Amino acid sequence: MRGLRKYLSPFAPDQSGAVSVLYELGGLLAICDAGGCTGNVCGFDEPRWTEKKSAVFSAGLRDMDAILGRDEKLVEKIAQAVENLDVEFAAIIGTPVPAVIGTDYRALKKMLSERIDIPVLTMDTDGTRYYDSGEEKAYLALFQTFATEKLPTRPGRIGVLGATPQDLSDLDAPEKLKAAYPDHEVICYGMGSGLEEVKKASSAEINLVAAPGALKAARYLKQTFGIPYEVGCPLALEFVPEEARCEKKRVLVVHQQVMAHSIREELLRRGAKSVTVASWFMMDPELTKEGDISLTEEDDFLELVSKGAYDMIIADSAMERMIPDFDGCFVPAAHFALSGKLVDA
């Protein structure tokens, strides 16, 4: 049965991905819902909720608000909140409710911009796509709005795009990335840095893309400011234990595509016979190799394992119970957007 989940819980949706990108940047994040989607974001999809403050609000839409499309009420609520909070921008993030009634986000942006004197971002997320789609929209809106001036290039400055808890599953990721490049100035946009660093994005010597949801923004920064980018993440190597013997092995890696691609390169360097990348999330053609698989149903994964004759599988530990008859080596690789589990959690 299509869409049936017998083993895995629902994956983080697009509105959660958008919030994840913007969470630490000092803005007011208004999730356009009746309260349920905001509860899911704060209760399940944002692990920083208990550690770092962020102005995340629910629009609190009632039935008639949604039916009649009372945009002026939402604008009034946000305007009042902005008056009482020290925020640098306001973002309206969509959910299934505004998607069903056909909310005009451009009109909302115009109406709100006339009421408040800080930048307004809108994301037409609709809850039917996964978190990486929301990240893609948030990153692009963020840099298009705030990285507007070409600044002198700062030698050694690396801008990291795609460093979110959803993708890297590690709240210590900014520190670890800085340790991986000790002779460079490493800026993780939206995780461990604020909006001022986003405004200085054009000064980066190079950008590092750690997740496929950030690729569109990296391409925009390259086209607009000429900043080259590389795709990969050194933290992926934590999922390749030194004791794992890879010589002549057939390996399956399931994660977000950039992490999986980085793991593949390391395994091939160690002598793996073949490495197949599979993902439940977006697969960019730039990183896709022959034989890579885009997973949709649980049965897709079960069939892949049964026919692949793999010696090793690297995937989130939540997937191990799906294949009790697999007699090879299973290496856990946490993916928060899939299981809600962080590294070492």
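Before reading further, recall that the structure is shown in the block above.
The rules behind each value
Here, residues in each chain are numbered from 1, in the same order as that chain's written sequence. In keeping with the predicted nature of the model, local features appear solely for residues at pLDDT of at least 70, side-chain atom pairs appear and are counted solely at 80 or more, and the whole-chain, interface and lining totals rest on all residues. Where side-chain values are given, they derive from all heavy atoms of the structure, hydrogens and water being excluded. Method remark: on a 1 Å grid restricted to protein atoms, a set of points is classed as a cavity if a 1.4 Å probe fits but cannot get out and as a pocket if it is open with protein on both sides within 12 Å along at least five of seven lines; lining residues have an atom within 4 Å of a point. Grid points are joined across faces, edges and corners, and a volume is the space filled by probe spheres set on the points. Numbering of helices and strands runs from the N terminus, with a helix taken as a DSSP run of H or I at least four residues long and a strand as a DSSP run of E at least two residues long. The nonpolar class holds Ala, Val, Leu, Ile, Met, Phe, Trp, Tyr, Cys and Pro. Asp, Glu, Lys and Arg form the charged class, and all remaining residues, Gly among them, are polar. Relative accessibility under 20% of the residue-type maximum defines a buried residue, over 50% an exposed one, and the middle range a partly exposed one, all with a 1.4 Å probe and only protein chains included. When the strands point away from the viewer, a crossover counts as right-handed if the route from the first strand across the helix to the second turns clockwise. Whether two strands pair comes down to DSSP finding at least two bridges between them. In this analysis, rings of Phe, Tyr and Trp, with Trp reduced to its six-membered ring, are considered paired at centre separations within 6.5 Å, and the interplanar angle assigns stacked below 30 degrees, edge-to-face beyond 60, and tilted for intermediate values. Only heavy atoms matter for contacts: two residues are in contact if any of them lie within 4.5 Å across the pair.

Caption draft 1: Spotlight on the layout of surface pockets. Volume-wise, the largest pocket comes out at about 210 Å³. Forming the boundary of the largest pocket are 14 residues, of which Pro 10, Phe 11, Ala 12, Phe 44 and Asp 45 lie nearest the centre. Those elements that provide at least two residues to the lining of the largest pocket are helix H2 (36-45) and helix H14 (336-339). Here the residues of the lining of the largest pocket are counted per class, giving 8 nonpolar, 5 polar and 1 charged.

Caption draft 2: Summary view of the pairing of strand S9 (residues 250-254). A large share of S9 lies buried, amounting to 4 of its 5 residues. Between the parallel elements S9 and strand S10 (residues 274-279), the chain passes through helix H12 (residues 257-269) in a crossover that is right-handed. Relative to strand S12 (residues 312-315), S9 runs parallel, the two sharing 3 bridges. Its bridge partner being in S12, Val 253 is matched across the sheet by Ile 314.

Caption draft 3: Just the packing of aromatic side chains, in detail. Evaluation of the coordinates by the stated rule reveals 8 aromatic pairs. When the centroid spacing of 6.5 Å and the interplanar angle of 10 degrees are considered together, the rings of Tyr 139 and Phe 143 count as stacked. A residue pair is termed a helical-turn pair when its members lie 3 or 4 positions apart in one helix, as Tyr 139 and Phe 143 do in helix H7 (residues 131-146) at 4 residues. A residue is classified by how much of its surface remains accessible, and Tyr 139, at 0% relative accessible area, is buried. According to the relative accessible area criterion, Phe 143 is buried, its value standing at 0%. Summarising the aromatic geometry, the rings of Phe 143 and Tyr 189 are spaced 5.3 Å apart at their centres and angled 80 degrees between planes, so their arrangement reads as edge-to-face. With Phe 143 in helix H7 and Tyr 189 in the loop between strand S6 (185-188) and helix H10 (195-199), the pair connects residues that are 46 residues apart, well separated along the chain. Among the aromatic residues, those joined into a ring-pair cluster are Phe 11, Tyr 130, Tyr 131, Trp 280 and Phe 281.

Caption draft 4: Region of interest: the environment of Ala 260. With respect to the secondary-structure elements, Ala 260 resides in helix H12. Judged by its relative accessible area of 0%, Ala 260 falls in the buried class. The spacing of Ala 260 and Ile 314 is 54 residues in sequence and 8.8 Å in space, taken between C-alpha atoms. Contact partners of Ala 260, with chain neighbours within four places excluded, come to Val 253, His 255 and Val 277.

Caption draft 5: Just the environment of Ala 12, in detail. Tracing the backbone shows Ala 12 in the segment before helix H1 (14-22). Looking at Ala 12, the relative accessible area reads 1%, which means it is buried. On a C-alpha basis, the gap between Ala 12 and Arg 129 in space is 8.8 Å, while along the polypeptide they are 117 residues apart. Residues within four places of Ala 12 in sequence aside, it is in contact with Asp 45, Tyr 130, Tyr 131, Gln 166 and Ala 337.

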